[in-house]
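What the coordinates show
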Amino acid sequence: MIAVETVFQKLLAAHGEQFWWPAESDFEMLIGAILVQNTNWSNVEKALAGLEAELNPEAIREMPTEELALKIRPSGYYNQKALKIKAFVAWQGEWEDDIHAIRQQPLAKLRAELLNIKGIGPETADCMLAYAFGKPVMVIDAYARRLFARIGYEVPKKYEAFQQMLETGLPDDLLILQEFHALIVEHCKQYCQKTPKCLACPLKRECKQYI
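If you're wondering where the values come from, they're calculated on a predicted model, not measured in any experiment. (Residues numbered from 1 in each chain as written. Predicted model: local features only at pLDDT ≥ 70, side-chain atom pairs only at ≥ 80, totals over all residues. Heavy atoms only, no water.)

Counting residues in each nonpolar core, the largest one holds 68 residues, and the members touching the most others are Ile 31, Phe 88, Leu 114, Phe 133, Leu 147, Phe 148 and Phe 180. At seven residues, helix 2 (residues 26-35) tops the list of elements feeding residues into this core. Lining this core are residues from two domains, each supplying at least three of them: domain 1 (4-19 + 139-200) and domain 2 (26-131). (Core = buried A, V, L, I, M, F, W, Y, C linked by side-chain atoms within 4.5 Å. Buried < 20%, exposed > 50% of the residue type's maximum accessible area, 1.4 Å probe, protein only. Helix = DSSP H or I, 4+ residues; strand = E, 2+ residues; numbered from the N terminus. Domains from an automatic or database assignment.)

Here you go:
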């Protein structure tokens, strides 16, 4: 079976660096991680554009929830996501919006706090940890599950178990873990779709789906 790190190297050679997360600020990244739940990135961009100058924690805390929901409507599930964003900015306010201070917290403590926020699950929390708070964690998503199942791995159902399996096969390096997540997303968009496009796939020799 192909090693996890070999998968990373093959994807990097095929797709190049992805320079993720696509955001102009840490706060934009954090809000984007909530908005991208159950939708695609083009819809997130539209929702972020709707916030415009109000894309800052103080403005969002002061904004009525109904108004916030309308502004992020393109992201889908906008009423629920407005509540999630409100809960997140309330938590960030407890830290006086000091991203640097948040980054100084131990990984386990910070992850537990994020998971305690209404509407923040493991994938969203780990996106925030990896891309805004500088913590070396591997983000697990549906793309990762699809890819590794197709190349012959027994993918654990439990999020943390699959995460540990991948992290064990990789260096404890923030940039590599960020890049691997981004590369998996790009690869699955191009090749490892629900109906796979195997012919030009750089992993086709290792993949059970390749005919």
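Let us now look at the packing of helix 10 (residues 142-150) against helix 12 (residues 174-190). Between helix 10 and helix 12, whose axes approach to 9 Å, the crossing angle comes to 70 degrees. Viewed along their axes, helix 10 and helix 12 adopt a mutual orientation that is roughly perpendicular. Along its contact with helix 10, which presents Tyr 143, Ala 144, Arg 146, Leu 147 and Phe 148, the element helix 12 presents Phe 180, Ile 184, Val 185, His 187, Cys 188 and Lys 189. Of the residues contributing to the contact of helix 10 with helix 12, the split by class is eight nonpolar, one polar and two charged. (Axes fitted to C-alpha atoms, helices over the stretch in contact; angles between N-to-C directions. Parallel < 35°, antiparallel > 145°, perpendicular 65-115°, else oblique. Contact = heavy atoms within 4.5 Å. Nonpolar A, V, L, I, M, F, W, Y, C, P; charged D, E, K, R; others polar.)

Our focus in this paragraph is the domain arrangement of the protein. Here the domain parsing of the protein yields domain 1 (4-19 + 139-200) and domain 2 (26-131). The C-alpha centroid of domain 2 is placed 25 Å from the C-alpha centroid of domain 1. Each partner contributes to the interface: domain 1 provides ten residues, whereas domain 2 provides seven residues. Of all residues in domain 1, Val 139, Tyr 159 and Gln 178 give up the largest surface area on contact with domain 2, accounting jointly for 54% of the area buried on that side. The interface formed by domain 1 and domain 2 includes one salt bridge. Linking domain 1 with domain 2 are seven residue pairs in polar contact (both at pLDDT 80 or more). Contributions of two or more residues to the side of domain 1 that touches domain 2 are made by helix 11 (159-168) and helix 12. For the side of domain 1 that touches domain 2, a count of residues per class yields five nonpolar, three polar and two charged. (Buried area = accessible area lost by both parts, 1.4 Å probe. Salt bridge = Lys/Arg side-chain N within 4 Å of Asp/Glu carboxyl O. Polar contact = N/O pair within 3.5 Å; in protein donor to acceptor, adjacent residues only side chain to side chain.)

Another point: the UniProt feature "domain: HhH-GPD" (unreviewed entry) in the protein. Under the UniProt annotation, "domain: HhH-GPD" (unreviewed entry) lies at residues 35-190. The span residues 35-190 carries 65% helix and 0% strand; its end-to-end C-alpha distance comes to 23 Å. (UniProt positions renumbered as here; feature names shortened; annotations may be inferred.)

Attention now goes to the environment of Glu 28. Here Glu 28 shows up in helix 2. Looking at Glu 28, the relative accessible area reads 16%, which means it is buried. Sequence-wise, Glu 28 and Tyr 131 are 103 residues apart; in three dimensions their C-alpha atoms are separated by 11 Å. Ignoring any residue separated from it by four or fewer positions in sequence, one finds Glu 28 in contact with Pro 22, Ala 23, Leu 48 and Leu 55.

This paragraph deals with the pattern of salt bridges. Overall, the coordinates contain six salt bridges when judged by the stated rule. Glu 54 is the partner of Lys 71 in a salt bridge, and the nearest nitrogen-oxygen pair spans 3.1 Å. With a gap of 17 residues between them, Lys 71 in helix 5 (residues 65-71) and Glu 54 in the loop between helix 3 (41-51) and helix 4 (57-62) connect regions that are remote in the sequence. The partly exposed category is assigned to Lys 71, whose relative accessible area is 23%.

Further remarks concern the packing of aromatic side chains. Taken as a whole and judged by the stated rule, the model has ten aromatic pairs. Centroid distance Trp 21 to Trp 41: 5.5 Å. Interplanar angle 85 degrees. Geometry classified as edge-to-face. Within this pair, whereas Trp 21 is found in the loop between helix 1 (4-15) and helix 2, its partner Trp 41 is found in helix 3, the two being separated by 20 residues in sequence. Residue Trp 21 is classed as buried on the basis of its relative accessible area of 11%. Taking the relative accessible area as the measure of exposure, Trp 41 reaches 19% and is therefore buried. A centroid spacing of 5.4 Å and a plane angle of 55 degrees characterise the contact between Trp 21 and Tyr 131, whose relative ring orientation is tilted. Residue Trp 21 is located in the loop between helix 1 and helix 2, and its partner Tyr 131 is located in helix 9 (residues 122-131); the two are separated by 110 residues in the primary sequence. The burial state of Trp 21 is the same as that of Tyr 131; both residues are buried. In this structure an aromatic cluster arises from ring pairing among Phe 8, Phe 148, Tyr 153, Phe 162 and Phe 180. (Phe/Tyr/Trp six-rings, centres within 6.5 Å; stacked < 30°, edge-to-face > 60°.)

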